[in-house]
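Survey of secondary and tertiary structure
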Amino acid sequence: MITLYDCATAPSPRRARILLAEKAIPHHTVQIDLVRGEQLGEAFRALNPQCTVPALKLDDGTVLPDNAAIWAWAEAVYPEPPMLGRTPIEKAQVASWNARLEFEGMLAVAEAFRNTSPAMKDRALTGEAAVPQIPELGARGLARALRFFDTLNTHLAGRDFIATDHFTLADITAVVLVDFARIIRFKPGEAHPHLARWRAALAERPSLKA
């Protein structure tokens with residue numbers, strides 16, 4: 001059986017957990033302790049030289065070292081339900097929105113958190129290198145994130161899902177983004193009614209409880 005290398009408290013592996021749950025893909029899970037730096041140890045480095053989670057080890061020993069690889073593999077091997085879009089246009093829409101959510105949303109929140117939190121001292125970027133914090137980037141990341149949440153709220157007016165008329169990878173990334181934003185003290189409320197409605201509507205989806 002395939003093995004997911006995970007960290008229950010981190011946003012990136014949660015995206016993989018949700019995808020595997022949506023597609024009902026059986027797998028083992030191994031927790032990697034990011035707080036203790038297990039991802040930087042020799043054992044995990046030998047598995048994934050990027051020193052990041054998630055990583056997915058397949059039955060033949062192949063290791064998929066990031067979400068992009070995991071999504072591509074999962075969609076090809078388990079095409080139902082389609083999480084990357086059904087038609088060429090849907091696939092383009094999902095890819096576009098997922099890229100925006102990552103660049104304008106996830107990276108902005110991470111920039112704010114990693115450059116200001118004492119827990120992230122010398123860990124301003126993921127991976128093996130020690131990277132010092134730059135407080136000004138923290139402030140910029142916060143401003144970027146808040147602008148993007150305004151954009152996302154406007155986009156969701158009259159919509160049930162981010163990119164298409166059904167739940168896709170873009171919704172997975174958006175849910176994880178919105179929940180992750182708690183670390184910068186953001187939660188959609190009266191100022192973001194469409195975003196709040198969309199997140200509330202997905203609250204009981206079983207995969208999102210992973």
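Residues numbered from 1 in each chain as written. Predicted model: local features only at pLDDT ≥ 70, side-chain atom pairs only at ≥ 80, totals over all residues. Heavy atoms only, no water.

1. Here we look at the sheet that holds strand 1 (residues 3-6)
Strand order in the open sheet formed by 4 strands is 2-1-3-4, with mixed pairing between adjacent strands. Either end of the sheet is taken by a strand with one partner, and the two such strands are strand 2 (28-31) and strand 4 (63-64). Two strands pair when backbone bridges link them, and strand 1 and strand 3 (residues 55-57) are joined in this way by 3 bridges, in the antiparallel orientation. Residue pairing in the sheet places Thr3 in a bridge with Lys57 of strand 3. (Pairing = 2+ DSSP bridges. Helix = DSSP H or I, 4+ residues; strand = E, 2+ residues; numbered from the N terminus.)

2. What about the state of the cysteines?
Applying the stated criterion across every chain yields a total of 0 disulfides. In this structure Cys7 is a free cysteine whose sulfur lies 14 Å from that of Cys51, the closest cysteine sulfur available. (Disulfide = S-S within 2.5 Å.)

3. Considering helix 7 (residues 193-201)
Along helix 7, the positions that sit buried rather than exposed are Leu195, Trp198 and Arg199. The arc that holds every buried residue of helix 7, seen down its axis, measures 95 degrees, which confines them to one face. Those residues of helix 7 that are exposed and aimed more than 90 degrees away from the buried face are Ala200 and Ala201. Packed against the buried residues of helix 7 are helix 1 (11-22), helix 5 (135-155) and helix 6 (169-180). (Buried < 20%, exposed > 50% of the residue type's maximum accessible area, 1.4 Å probe, protein only. Arc of directions from axis to C-beta. Contact = heavy atoms within 4.5 Å.)

4. Re the packing of aromatic side chains
In total, this model carries 3 aromatic pairs according to the counting rule given. Plain terms: the ring middles of Trp73 and Tyr78 are 6.0 Å apart, the flat faces sit at 65 degrees to each other, and that makes the pair edge-to-face. Note on Trp73: relative accessible area 18%, which makes it buried. The exposure class assigned to Tyr78 is partly exposed, which follows from its relative accessible area of 29%. One Lys or Arg, Arg100, reaches over the ring of Trp97 and ends 4.9 Å from the middle of that ring. (Phe/Tyr/Trp six-rings, centres within 6.5 Å; stacked < 30°, edge-to-face > 60°. Lys NZ or Arg CZ within 6 Å of the ring centre and 35° of its normal.)

5. Observations regarding helix 5
With 21 residues, helix 5 extends 30 Å between its outermost C-alpha atoms, agreeing within 8% with the 30 Å of an ideal straight helix rising 1.5 Å per residue. Within helix 5, the full set of buried residues consists of Gly138, Gly141, Arg144, Ala145, Phe148, Phe149, Leu152 and Asn153. Against helix 4 (88-114), helix 6 and helix 7 lie the buried residues of helix 5. (Expected span 1.5 Å × (residues − 1).)

6. Side note on the packing of helix 6 against helix 7
Two elements in contact, helix 6 and helix 7, have axes whose closest approach is 11 Å; the angle formed by their N-to-C orientations is 110 degrees. By the angle between their axes, helix 6 is roughly perpendicular relative to helix 7. Side by side, helix 6 and helix 7 meet where Asp171, Ala174, Val175, Val178 and Asp179 of the first sit next to Leu195, Trp198 and Arg199 of the second. Residue classes in the contact of helix 6 with helix 7 are distributed as 5 nonpolar, no polar and 3 charged. (Axes fitted to C-alpha atoms, helices over the stretch in contact; angles between N-to-C directions. Parallel < 35°, antiparallel > 145°, perpendicular 65-115°, else oblique. Nonpolar A, V, L, I, M, F, W, Y, C, P; charged D, E, K, R; others polar.)

7. Notes on the pairing of strand 1
In strand 1, alternate side chains face the same way, and those of Thr3 and Tyr5 on one face and Leu4 and Asp6 on the other are all buried. Pairing of strand 1 with strand 2 involves 4 bridges; the strand directions are parallel. When the sheet's bridge partners are listed, Leu4 is paired in strand 2 with Thr29.

8. A short note on the pattern of salt bridges
If you walk through the whole model with that rule in mind, you get 12 salt bridges. Residue Arg14 pairs with Asp179 through a salt bridge whose shortest N-O separation is 2.8 Å. Of this pair, Arg14 sits in helix 1 while Asp179 sits in helix 6; the two residues are 165 residues apart in sequence, bridging distant segments of the chain. The class of Arg14 is buried, set by a relative accessible area of 12%. Under the relative-accessibility criterion, Asp179 is labelled buried at 13%. Taking the shortest distance from any N to any O, the salt bridge between Glu204 and Lys209 comes out at 3.0 Å. Residues joined by salt bridges that share partners form a network here, namely Arg14, Asp179 and Arg199. (Salt bridge = Lys/Arg side-chain N within 4 Å of Asp/Glu carboxyl O.)

Don't take any of this as a statement about function, it's just geometry.
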